[in-house]
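Read off the chains here:
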Amino acid sequence: MKGIQDYYPDHFAQCYGCGRLNEHGHQIKTNWNGAETITKFVPKTYHTAIPGFVYGGLLASLIDCHGTGSAALALAKAKNIVLDKSNAPRCVTASLQVKYLKPTPIGSEIEIKGIISEITERKVKVSCELFADDMLCVTGEVIAVLVPDNFGKPKNANLQ
Ligand SMILES: CCCCCCCCCCCCCC(=O)SCCNC(=O)CCNC(=O)[C@H](O)C(C)(C)COP(=O)(O)OP(=O)(O)OC[C@H]1O[C@@H](n2cnc3c(N)ncnc32)[C@H](O)[C@@H]1OP(=O)(O)O
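Residues numbered from 1 in each chain as written. Predicted model: local features only at pLDDT ≥ 70, side-chain atom pairs only at ≥ 80, totals over all residues.

K.L.:
Quick one: what's the story with the overall build of the protein, residue by residue and with numbers?
P.N.:
Helix and strand content of the protein: 1 helix and 6 strands. Against the globule reference of 15 Å for 160 residues, the protein gives a C-alpha radius of gyration of 16 Å, in line with a compact fold. Expressed as lengths along the three principal axes of its C-alpha atoms, the size of the protein is roughly 50 × 35 × 30 Å. Nonlocal contacts in the protein, meaning residues at least 24 apart in sequence, comprise 65% of its contacts between residues at least 6 apart. (Helix = DSSP H or I, 4+ residues; strand = E, 2+ residues; numbered from the N terminus. Rg over C-alpha atoms; globule rule 2.2 N^0.38 Å. Contact = placed C-beta atoms within 7 Å.)

See below:
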């Protein structure tokens, strides 16, 4: 299934967490699920913290990119942007806070829900809840900021 990440321009599609063009990355897909957003991911055994449980850095990474993806969806909706090939708004993480409530069991599908708790012209706050085996294991708060199309490109890129 496609997600908002499939509508990022190639320049913004290399992210380790969500870039569709990063063959080594997680390539998560973020979509609306009613008024909330959702993504799913199945950790591999090499994502282990201790046997049976998922490494926390991976979980933070998934929340990070689900947060920025949710922010992009919310901004697209607020600005009435009809998603086409590569016209999704692009957001970068300004802040990421993660709380690990319970060890996250490995071996089943993880589901992350996102709730848009605040949205302005440039900034979106997303509250995330990460579930494994229907158990709430991690919560997170992402502040994502809209970036211009030339973000991260060399300043003289259009001179080349
Ligand atoms: C390397 C990045 C790649 C990006 C690819 C993108 C596409 C892929 C997507 C996948 C990405 C995957 C994820 C990744 O891995 S993204 C990689 C990790 N993130 C970064 O490297 C971001 C580095 N930081 C910056 O570039 C700038 O500081 C940004 C752009 C974030 C803001 O600087 P800028 O000068 O432009 O904006 P502003 O200062 O006018 O602030 C604007 C608003 O934001 C609020 N605010 C700012 N900072 C914070 C903070 N720390 N806590 C709370 N709030 C903060 C601020 O109060 C204001 O709010 P308001 O007063 O309006 O209410």
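There is more to say after this.
K.L.:
Go over the nonpolar core with me, naming the residues and quoting the values.
P.N.:
In this structure, Leu 59, Leu 62, Ile 63, Ala 71, Ala 72, Val 124 and Leu 130 are the most contacted members of the largest nonpolar core, which totals 34 residues. Only helix 1 (56–78), strand 4 (110–119), strand 5 (123–132) and strand 6 (135–146) provide two or more residues apiece to this core. Ranked by residues supplied to this core, first place goes to helix 1 with 10 residues. Other than its neighbours up to four places away in sequence, Leu 130 contacts Leu 59, Ile 63, Ile 110, Ile 112, Cys 137 and Val 138. (Core = buried A, V, L, I, M, F, W, Y, C linked by C-beta atoms within 7 Å. Buried ≥ 20, exposed ≤ 12 C-beta atoms within 10 Å, placed from the backbone.)

K.L.:
Summarise the environment of Ala 60; cite the residues concerned and give the values.
P.N.:
Within the secondary structure, Ala 60 sits in helix 1. The exposure class assigned to Ala 60 is partly exposed, which follows from the 18 C-beta atoms found within 10 Å.

K.L.:
Residues and numbers for the UniProt feature "domain: Thioesterase" (unreviewed entry) in the protein, please.
P.N.:
UniProt tags residues 52–135 as "domain: Thioesterase" (unreviewed entry). Helix makes up 27% of residues 52–135 and strand 37%, with an end-to-end C-alpha separation of 15 Å. (UniProt positions renumbered as here; feature names shortened; annotations may be inferred.)

K.L.:
Talk me through the site of the ligand; I want residue IDs and the actual numbers.
P.N.:
Phe 12, Arg 90, Thr 93, Ala 94 and Ser 95 are the nearest of the 20 residues found near the ligand. Ranked by the residues each element gives to the shell around the ligand, the list is headed by strand 3 (residues 91–100), at 4 residues. Within the shell around the ligand, the residues separate by chemical class into 10 nonpolar, 6 polar and 4 charged. (Near = placed C-beta within 6 Å. Nonpolar A, V, L, I, M, F, W, Y, C, P; charged D, E, K, R; others polar.)

K.L.:
Explain the pairing of strand 6 residue by residue, including any values.
P.N.:
Pairing analysis gives 9 bridges linking strand 3 to strand 6, with the strands arranged antiparallel. Across the sheet, Lys 99 pairs through a bridge with Thr 139, a residue of strand 6. Where strand 5 lies against strand 6, 10 bridges are found, and the strand directions are antiparallel. Bridge pairing in strand 6 places Cys 128 opposite Gly 140. Taken together, strand 5 and the strand that follows it, strand 6, pair antiparallel across an intervening segment of 2 residues, in which Asp 133 is found at a positive phi of about 50 degrees. (Pairing = 2+ DSSP bridges.)

K.L.:
Would you mind going over the pairing of strand 2 (residues 36–41) in detail, with residue names and values included?
P.N.:
Side-chain alternation along strand 2 places Thr 37, Thr 39 and Phe 41 on a buried face and Glu 36, Ile 38 and Lys 40 on a face that remains uncovered. Inspection of the sheet shows strand 1 (residues 31–33) paired to strand 2 by 3 bridges, in the antiparallel sense. Across the sheet, the residue bridging to Asn 33 is Glu 36, located in strand 2. Here strand 1 folds back onto strand 2 in antiparallel fashion, the turn holding 2 residues, of which Gly 34 has a positive phi close to 70 degrees.

K.L.:
I'd like a rundown of the environment of Glu 111, residues and numbers included.
P.N.:
Here Glu 111 is to be found in strand 4. On a C-alpha basis, the gap between Glu 111 and Phe 131 in space is 5.2 Å, while along the polypeptide they are 20 residues apart. With residues up to four places along the chain from it excluded, the contact list for Glu 111 reads Ile 38, Lys 40 and Phe 131.

K.L.:
How would you summarise unusual backbone geometry if you had to cite specific residues and measurements?
P.N.:
Of note in the backbone geometry, Asn 80 takes a positive phi value of approximately 55 degrees without being a glycine. Phi is positive for Asp 134, which is not a glycine, with a value near 60 degrees. Taking the number of C-beta atoms within 10 Å as the measure of exposure, Asp 134 has 7 and is therefore exposed.

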